[in-house]
Amino acid sequence: MGSQGGFGQSKEFLDLVKSIGEARSKSEEDRIILGEIETLKRRIVEPDIPKRKMKEYIIRLVYVEMLGHDASFGYIHAVKMTHDDSLLLKRTGYLAVTLFLNEDHDLIILIVNTIQKDLRSDNYLVVCAALNAVCRLINEETIPAVLPQVVELLGHAKEAVRKKAVMALHRFYQKSPASVLHLISNFRKTLCDKDPGVMGATLCPLFDLVTIDVKSFKDLVISFISILKQVAERRLPKSYDYHQMPAPFIQIKLLKVLALLGSGDKQASEQMYTVLGDVFKKCDTSCNIGNAVLYECICCVSCIYPNTKLLETAADAISKFLKSDTHNLKYMGIDALGRLIKISPDIAEQHQLAVIDCLEDPDDTLKRKTFELLYKMTKSTNVNVIVDRMIDYMISINDNHYKTEIASRCVELAEQFAPSNHWFIQTMNKVFEHAGDLVNIKVAHNLMRLIAEGFGEDDDTTDSQLRSSAVESYLRIIAEPKLPSVFLQMICWVLGEYGTTDGKYSASYITGKLCDVAEAYSNDETVKAYAITALMKLYAYEIAAGRKVDILPECQSLIEELSVSHSTDLQQRAYELQALIGLDACAVESVMPSDASCEDIEIDKSLSFLNHYVQESLEKGAQPYIPESERTGMLNISSFRNEDHHEASMHGLRFEAYELPKPMVPSKSPVTYTPSTELVPVPEPSYSREVHTSTAVPSISNSGSTELKLRLDGVQKKWGRPSYSSGSTSTSESSSQKTVNGVAQTESVSTSTSRAQATSSFDLKKPQVEISPEKQRLAASLFGGPIKTDKRPTSSKVVKSSSHATEKPPVAKAADTASEKSTPVQPPPDLLDLGEPTVTSSAPLIDPFKQLEGLLDQGENVSAPNHGAVNANKASDVMSLYVEIAASGQSGGAVNPVPTNGDDMLSGLSGMGIRTASPGGPAGSSPLSKGPNLRDALEKDALVRQMGVTPTSQNPNLFKDLLG
Amino acid sequence: MIHFVLLISRQGKVRLTKWYSAYPQKERTKVIREISGEVLARGPKLCNFVEWRGLKVVYRRYASLYFCMCINQDDNELEVLEIIHHYVETLDRYFGSVCELDLIFNFHKAYYILDELLLAGELQESSKKTVARLIAGQDALVETAKEEANSISNIIAQASK
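Below or above, wherever it landed, is the structure these notes cover. (Residues numbered from 1 in each chain as written. Chains lettered and ligands numbered in written order. Predicted model: local features only at pLDDT ≥ 70, side-chain atom pairs only at ≥ 80, totals over all residues. Heavy atoms only, no water.)

This next bit is on the overall build of chain B. The helix and strand tally for chain B stands at 5 helices and 7 strands. The order of α-helices and β-strands along chain B, N terminus first, is β-β-α-β-β-β-α-α-α-β-β-α. The buried share of chain B, taken over its 161 residues, is 67%. Within chain B, contacts between residues separated by at least 24 positions form 46% of all contacts whose residues are at least 6 apart in sequence. As presented, chain B carries roughly 5,300 Å² of accessible surface, and 56% of it is formed by carbon and sulfur atoms. (Helix = DSSP H or I, 4+ residues; strand = E, 2+ residues; numbered from the N terminus. Buried < 20%, exposed > 50% of the residue type's maximum accessible area, 1.4 Å probe, protein only. Contact = heavy atoms within 4.5 Å. Areas by Shrake-Rupley, 256 points an atom, 1.4 Å probe, with all protein chains shown as cover.)

As a further point, take the interface of chain A and chain B. Counting residues at the interface gives 97 residues for chain A, matched by 90 residues for chain B. Both sides together, the interface formed by chain A and chain B hides about 8,400 Å², and carbon and sulfur atoms give 57% of it. At the surface where chain A touches chain B, the tally comes to 6 salt bridges. Among the ionic pairs, A:Glu159 bridges to B:Arg133, the shortest N-O distance being 3.8 Å. At the junction of chain A and chain B, the tally comes to 23 residue pairs in polar contact (both at pLDDT 80 or more). Here the side of chain A that touches chain B takes 8 residues from helix α9 (residues 159-175) of chain A, the largest share from any one element. Taken together, the residues of the side of chain A that touches chain B break down into 49 nonpolar, 27 polar and 21 charged. (Buried area = accessible area lost by both parts, 1.4 Å probe. Salt bridge = Lys/Arg side-chain N within 4 Å of Asp/Glu carboxyl O. Polar contact = N/O pair within 3.5 Å; in protein donor to acceptor, adjacent residues only side chain to side chain. Nonpolar A, V, L, I, M, F, W, Y, C, P; charged D, E, K, R; others polar.)

What follows deals with the sheet that holds strand β5 (residues 65-71) of chain B. Backbone-to-backbone hydrogen bonds pair the strands of a sheet. The strands run either parallel or antiparallel. All names here are of chain B. Across the sheet, 5 strands lie side by side as β2-β1-β5-β4-β3; this open sheet has antiparallel pairing. At either margin of the open sheet sits one strand with a lone partner, and together these are β2 (14-19) and β3 (49-52). Strand-to-strand twist in this sheet, taken as the mean axis angle between neighbours without regard to direction, amounts to 20°. Those strands touched by helix α1 (residues 25-40) are β1 (2-9), β2, β3, β4 (55-62) and β5, and its axis lies near 65° from that of β1. (Pairing = 2+ DSSP bridges. Axes fitted to C-alpha atoms, helices over the stretch in contact; angles between N-to-C directions.)

Moving on: the state of the cysteines. Enumeration according to the criterion identifies 0 disulfides over all chains in this entry. For B:Cys70, which is in no disulfide, the shortest distance to another cysteine sulfur is to B:Cys68 and amounts to 9.7 Å. (Disulfide = S-S within 2.5 Å.)

Our next topic: the packing of helix α20 (residues 364-376) of chain A against helix α22 (residues 400-417) of chain A. Residue and element names in this part refer to chain A. Relative to each other, α20 and α22 sit at 20°, their axes nearing to 12 Å. Overall, the two elements α20 and α22 adopt an arrangement that is roughly parallel. As α20 runs across α22, the sense of the crossing is left-handed. Contacts between α20 and α22 involve Arg368, Phe371, Glu372 and Tyr375 from the first element and Tyr402, Arg409, Glu412 and Leu413 from the second. Partitioning the contact of α20 with α22 into residue classes produces 4 nonpolar, no polar and 4 charged. (Parallel < 35°, antiparallel > 145°, perpendicular 65-115°, else oblique. Left-handed = near helix turned anticlockwise from the far one by under 90°.)

In short, the description is geometric, and any link to function would need to be established separately.
In structure tokens, the structure reads:
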């Protein structure tokens, strides 16, 4: 005991905590902790460590781990400590293992036995400690080891044990539902437990169970309703009250369960209406917890079978939330609005200005929530406004997680509601430009397909207009630095297909751009592959059109560079391009027909076009083909290859085993040429078909040698980029050929909308100065312009000003009144700060120690009357606590004469005692206004100063009351 | 469900961490860094909620200490805000005008109290009185253990004289 300071730990540990507290940088902190780890590693293995010492080591390990360092060397000691007989040590051991170990840790098996023993203990505190550990450490495998005991504990005499047993079963259910399914009836029993704590805990598992299977719990609706009623009527013990609300946490859980049970069930819902109305009424909206219950009521009402009256109440509550000054309530209001809007879509209109305020709020959280709401209320009439806003916001943020989410939402909305194709493409371009790496590659393929196929209308001119507008926009965008890879791939593809079709741009211009791309993104092979294929298409188009092709020097160098590339794919593309340029117009035309990306490919699986050749060979005495059925045991590559042409997925898995290596047969066929058919990406399926016919012949003729070579090919894939050419692109392309345009639901509404917008904005601009016209316009475009329609019949000015009156005041008020309520802790300048030696300006004369002395003086005679002004009973409480500390310190010193900190403590105390003699009274008078808290804090202050901890200017708030 | 509880000081120092969902040690450090970056940077009048990796972090500042709890998308934020307050009130009752320093030196006690309040990521007890009673029960046991230890050492001391 003598070795212990005021906080119950050794000097060494206090010093550690202190030095961490004073560390000025993370690296300094790390250095200290690493030193501590070394110390602990050494100490913890010493023989015969007293248990008390060991306990402290374990706590120090917890501290080390809490600060983010690895303390795994000590885990085993924590595990050992759980075996100890003394609850004090056992509790520390359990605390440490629950903090250290995840449920899949190897050491857990060593604890299970102890847990089993402890669950059987007579001491309910031991059982509780074990149950705490059960909740954290028991995994699917070990559940059976403790399950029977936990179930038994549901009937334990102590409610604390029953409650924890319920929670443990809940945890088991989450981990492995099957293991406890037969025990569900137990939850029904504990729901009727006489202790409200046990009942409240039971609601957690029941909520999960009801979520999964509503039907089998319908019979409990009545029970839940009656419990909620009792809670709302304050029948529970007073101790469950929280800020004058009767058991609000239990109410919230009940409301959640009821929402599930009432969803889509008219009969069950009708039973709830009365009690819900009651709860609504009884919510105290002046405090946070009241609003929490209120919010849960709204959620419940919007889930269950709708009731007009309750919906109205809910709508009122929402408007209160939205008009509130605090951001928290606005946030909840927006969320609740999003829920209610599903049932009554009109409700949003009356809150449009509030919603727009939230949208423009500097608070990101609120903004995001509002975007979520907008996402829920998007229609074809307001899609452009909403998506534009979303994209603007998307551009402005850095958080990749949310960026991905909002990008996918933009895509979804655009696909669903796009008013025009042109808008759709523009929108997608923006999404790609700013979040290209985060969107699904499928979106890019959809867009390519859309551009290629047009919109399913017969009108070719609109399609070609669309294409040229796409080309134009891409040529503009391509100059931007740092575009995402997916977007570049798409740009290359579109430029290759349609870059020169409308004759506006020359081939050399486009090819120049493509070369720039390939050069600028030289470490992105996929982009380079797309670029060079696009070049090939452009040249093919030129050749076919009979124009002379002059290859730009940079193109030439690109081709040369790629033809010696490490990537076989790029190399091959480069060779193909070179070969293609040498062909005549007629051949090129058939190899690369222009704009053939949407053409269906017919696949001749029987290879009937070879019949003639086969016949000829047979006549010349060649071996006849062995039918496939007889070939199963043999490795026959040629059959494989033929299929590979058609189904890229065949690349994925090869079921045949590799043969043993054969002595190399000198190969005759050109290596690079044979696999060409495989590696060609299939953006133009017709092209690949053509190539296929031409190469198929040689590949059959020397299938023996290719066998070996192919294996090489497989090996090479290990190092090169694995399967770009065959994987993503070709499959998606082929799917695009099959399906018919599923993207664009063209909505002819668009033009009329924009016109309506224009008129409405014009309408609103003139008389409205107070609410910015911009905001009005936004509101009109978001909410379908109800302001405008409302106002037409009456004289517009009057209505507008009234609308201003209803909507605006809360915003105006927000400025001043909010401050105290909204921020949780904004205490007035705390007197405790004066205890800080560095603060001088405000009251330099008051010495904190003198204050303290004054207080201690009063403390000597506990019943001193001068506490009258303050909370008397708390004060005495505090004093008794103080006396306790002093006493324990002294007795400790007497018993255990180790002269370390205990002595310091004592001398410190006596020092204080001496100093009390000096006059300190007057100093204490003014700070007393803060009541007992101050004295308490000062005592703590004195205590830590004794230990040598001084608050630095870094953190003057260390002593400040958390509750202010 | 609550995935984890963090106590971070204004300076970004960790005062307490409790993980109810599985996060490996490396991930934990990252999570703490990310969250303290997000939360500490926020102004005083904004929402007490931050969206984070598809989850939500509800935080509340007491003096210079931030209490953060990470919850699911569909949980009730206001409720969690009050769970935090409930915890602080319980701490206050236990320590008597709790201040950050109490938690710095007695973090293990803060853990014990948290364990009586939350279990497996759910609120297990909403009555402060019950929590206080349980903690007091444990402490009493600790006290008797100490006394026993003292009396034994007394005996030994006397015997060895």
